[in-house]
Every structure is written in structure tokens, then in C-alpha cells.
Amino acid sequence: MKHLYFPIVFFIVISCSVEKSKEYPVNLVWEDNFKGSSLDTNFWNIYIGNGCPELCGFGNHELQYYTNGSSNLKVDNGMLTISAYYDTVSTLFTSAKITTKNKVDFQKGYLEVVAKLPNAKGSWPAIWMLPTLDRALNWPLDGEIDIMENVGYDSCKILGTIHTKAYNHTINTQKSDSIVINTAHQNFHTYAINWTDSILEWYVDSELYNRIKRSSNDRIEQWPFDKSFHLILNQAVGGDWGGRFGVDTSSYPQDFIIESVRLFKRMPKKSS
């Protein structure tokens, strides 16, 4: 499967529950359970670099350099592990970032990622989406959907957010909400987004915690979600948000472990 297109049309860190409940209907259109011993490049691209020279630190002053090395990106025993490392000699951080751009692009649907999060002051794992375009990204006008973000200094809080021209963090108007997951670093949880023509909904283990509805008056500045997006998985270090209270280098390496990714045409029905 080379390309999928569905127009259907993420101080001292302390240990931080929600029961899993899933039903897998017949409308499953793509999944990766990370079998084998390497990343399936039919689905995934591996990003290498730190954003330079175009956008060093990815516009957030992040500290990590993304690599494709096995110490940072590993598939083994049905798990994908994205590891962030600190080199005490060079004092540099390395990590990994993968995307499905131009390989698994989709417009609307229900996407879920089963993952266990890292836990260190300075860690910043994310499950998020950007539009797949035949031109350079015009952020924030083109839109961004953050399915799951978590920062180590507030380690139990899971956030779901959109960034658009009208709603984004640079003008402090981003639309976001959060849920507390006490075992996000000890156990696997299911982080999901339900995306339709008129609504975005965020879930953890089937529990709804954020909903954004499209208004009849919305234009592209408010709702740029009428085009194909792709999935991004990464573990950043530091940055304007993740590093707000510094980075505890003694807590590294840190692992962001993904068990599975599944995309459905529509949201699964809950079991009665």
C-alpha cells in the first residue's frame, strides 16, 4: 500500500485512570501494529534534522535533533519506540519524528493511537496532524490538529488543540482542552480524534474531553479542515512550552512507545 487517500468524503516529575473500551468495526481503512523489526516505509517518512536552516528549533526553540538511528527509532515486539537521548559529552539531544505525508493522507475520519508517554521535565511527546499540500505550509492559516500533547512539567495533563489563523497560541486564542490521565506514563492509553465536516472531538480511552463545532459563519481562518491531513508522531525536548521550566538532563533517555495506529472511516459505535 503505497498511498492512501480518504476523501470521505499529546520541577520534579511525579507519577501521574480511565479504562480502555474499544470496538473495531468493519470501517477500518488503515492500521499499523508495528510488526517486524523495522518501520514500514510504505506508511511512514522519517524526518532528519532540527529544522535548520528554514526553521531552526521548529519555531519553538526545541533542543532535539531528529535522526533515523536505532537508538532513537526502533520497532520491536509489536511496538514503535521513539527515544530521546541526552549526550553528556556533546550536551546535545537526539530524538525521532515520523510522518505519513504523501503515504497515508486523509480527510475526515476517526484516528486512534495507542501509546505510553515519556515522563521527564522537558519532555514533549505529540500525536498531531498537518495538511498535505503541493506547496509550502502557510501556518497557521493552513491549520494544525494536535490529537495529544503532553509536557513533562505538567505530566498528567493531556491536551487536544487546534491552531488556525483565527485561533492559535501566538495570539493566545488557540482552542484547546485537557484531561488528566494519572497513568499516562505507566500504562498504554488510546488517544483519538473524531473529524467530520462540522466537528472535531478528542477522546482518551473513549472518554470525550474536547469538542469544537464548526459555525455556519466560519471561513478558512476559523476552519481550514476541508483538505487532506497527515499524521505526525514525535518526541521533542525543551522548547518554548516543553522547556518552560527547564530540562532535567539526568532523566534521559525517555521513551515514547506506540503500540498501534488505526484509521476508521467514521467513529466506532460504543459497546452497550
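In case you missed it, the structure is sitting above this.
Residues numbered from 1 in each chain as written. Predicted model: local features only at pLDDT ≥ 70, side-chain atom pairs only at ≥ 80, totals over all residues. Heavy atoms only, no water.

**Focus: the nonpolar core**
In step 1: Formed by 45 residues in total, the largest nonpolar core has its most connected members in Trp-44, Leu-80, Met-129, Ile-158, Leu-233 and Ile-258.
In step 2: Ranked by residue count, the leading element in this core is strand β19 (residues 254–264), at 4 residues.
In step 3: When neighbours within four sequence positions are excluded, Met-129 is seen to be in contact with Phe-106, Leu-111, Glu-144, Ile-145, Ile-147, Ile-193, Trp-195, Phe-229, His-230 and Leu-231.
In step 4: Core analysis: the second largest hydrophobic core is formed by 8 residues, Tyr-66, Trp-124, Val-151 and Trp-241 among them. (Core = buried A, V, L, I, M, F, W, Y, C linked by side-chain atoms within 4.5 Å. Buried < 20%, exposed > 50% of the residue type's maximum accessible area, 1.4 Å probe, protein only. Helix = DSSP H or I, 4+ residues; strand = E, 2+ residues; numbered from the N terminus. Contact = heavy atoms within 4.5 Å.)

**Some thoughts on the environment of Pro-140**
In step 1: Among the structural elements, Pro-140 can be located in the loop between β11 (123–131) and β12 (144–149).
In step 2: A C-alpha to C-alpha distance of 8.6 Å links Pro-140 and Glu-221, two positions 81 residues apart in sequence.
In step 3: The residues contacting Pro-140, other than those within four sequence positions of it, are His-163, Thr-164, Lys-165 and Asn-168.

**A look at the pattern of salt bridges**
In step 1: Counting across every chain of the model gives 7 salt bridges.
In step 2: When the shortest N-O distance is used, the salt bridge between Asp-154 and Lys-157 registers 3.5 Å.
In step 3: Residue classification places Lys-157 among the partly exposed residues on the basis of a relative accessible area of 31%.
In step 4: With a closest N to O distance of 2.7 Å, Asp-226 and Arg-214 form a salt bridge. Taken together, the residues span a long stretch of sequence, with Asp-226 in the loop between β17 (207–213) and β18 (229–237) and Arg-214 in the loop between β17 and β18 at a distance of 12 residues.
In step 5: Here the residues in one salt-bridge network are Glu-31, Glu-112 and Arg-262, joined through shared partners. (Salt bridge = Lys/Arg side-chain N within 4 Å of Asp/Glu carboxyl O.)

**With respect to the packing of aromatic side chains**
In step 1: Tallied over the full model, the rule gives 16 aromatic pairs.
In step 2: Ring centres of Tyr-110 and Phe-264 lie 6.1 Å apart, and the angle between their planes is 50 degrees; this geometry places the pair in the tilted category. Of this pair, Tyr-110 sits in strand β10 (residues 109–116) while Phe-264 sits in strand β19, and the two are 154 residues apart along the sequence.
In step 3: A residue is classified by how much of its surface remains accessible, and Tyr-110, at 5% relative accessible area, is buried. (Phe/Tyr/Trp six-rings, centres within 6.5 Å; stacked < 30°, edge-to-face > 60°.)

**A closer look at the side chain of Thr-132**
In step 1: Along the chain, the position of Thr-132 falls in the loop between β11 and β12.
In step 2: Judged by its relative accessible area of 17%, Thr-132 is buried.
In step 3: Within polar-contact distance, the side chain of Thr-132 engages the side chain of His-230 at 2.7 Å.
In step 4: With sequence-adjacent residues up to four places away left out, Thr-132 is seen in contact with Lys-101, Asn-102, Asp-105, Ser-228, Phe-229 and His-230. (Polar contact = N/O pair within 3.5 Å; in protein donor to acceptor, adjacent residues only side chain to side chain.)

**Observations concerning unusual backbone geometry**
In step 1: For the bond from Cys-52 to Pro-53, the omega torsion is 0 degrees, close enough to zero to count as cis.
In step 2: Examined against the element boundaries, Pro-53 turns out to sit in the loop between β3 (45–46) and β4 (64–66).
In step 3: Going from Trp-139 to Pro-140, the amide bond is cis rather than trans, its omega being 10 degrees.
In step 4: In the Ramachandran plot, Lys-108 falls in the positive-phi region, its phi being about 75 degrees despite a non-glycine side chain.
In step 5: In this structure, Lys-108 sits in the loop between β9 (104–106) and β10.
In step 6: The exposure class assigned to Lys-108 is buried, which follows from its relative accessible area of 8%.
In step 7: Although it is not a glycine, Asn-172 sits at a positive phi angle of roughly 60 degrees.
In step 8: For Asn-172, the location among the structural elements is in the loop between β13 (157–163) and β14 (175–180).

**Examining the layout of surface pockets**
In step 1: The computed volume of the largest pocket comes to approximately 1400 Å³.
In step 2: Taken together, 42 residues make up the lining of the largest pocket; nearest its centre are Phe-58, Asn-60, Trp-128, Trp-139 and Glu-144.
In step 3: Only β8 (97–99), β11, β12, β13, β18 and α1 (239–242) provide two or more residues apiece to the lining of the largest pocket.
In step 4: Of all the elements, β11 adds the most residues to the lining of the largest pocket, at 5 residues.
In step 5: Within the lining of the largest pocket, the residues separate by chemical class into 19 nonpolar, 11 polar and 12 charged. (1 Å grid on protein atoms, 1.4 Å probe; cavity = no way out; pocket = protein on both sides within 12 Å on 5 of 7 lines; lining within 4 Å. Points joined across faces, edges and corners; volume = space filled by probe spheres on them. Nonpolar A, V, L, I, M, F, W, Y, C, P; charged D, E, K, R; others polar.)

**Some points on the environment of Thr-88**
In step 1: By secondary structure assignment, the location of Thr-88 is in the loop between β6 (79–87) and β7 (92–95).
In step 2: A relative accessible area of 64% means that Thr-88 is categorised as exposed.
In step 3: In this structure, the C-alpha to C-alpha distance between Thr-88 and Ser-250, residues 162 residues apart in sequence, is 9.5 Å.

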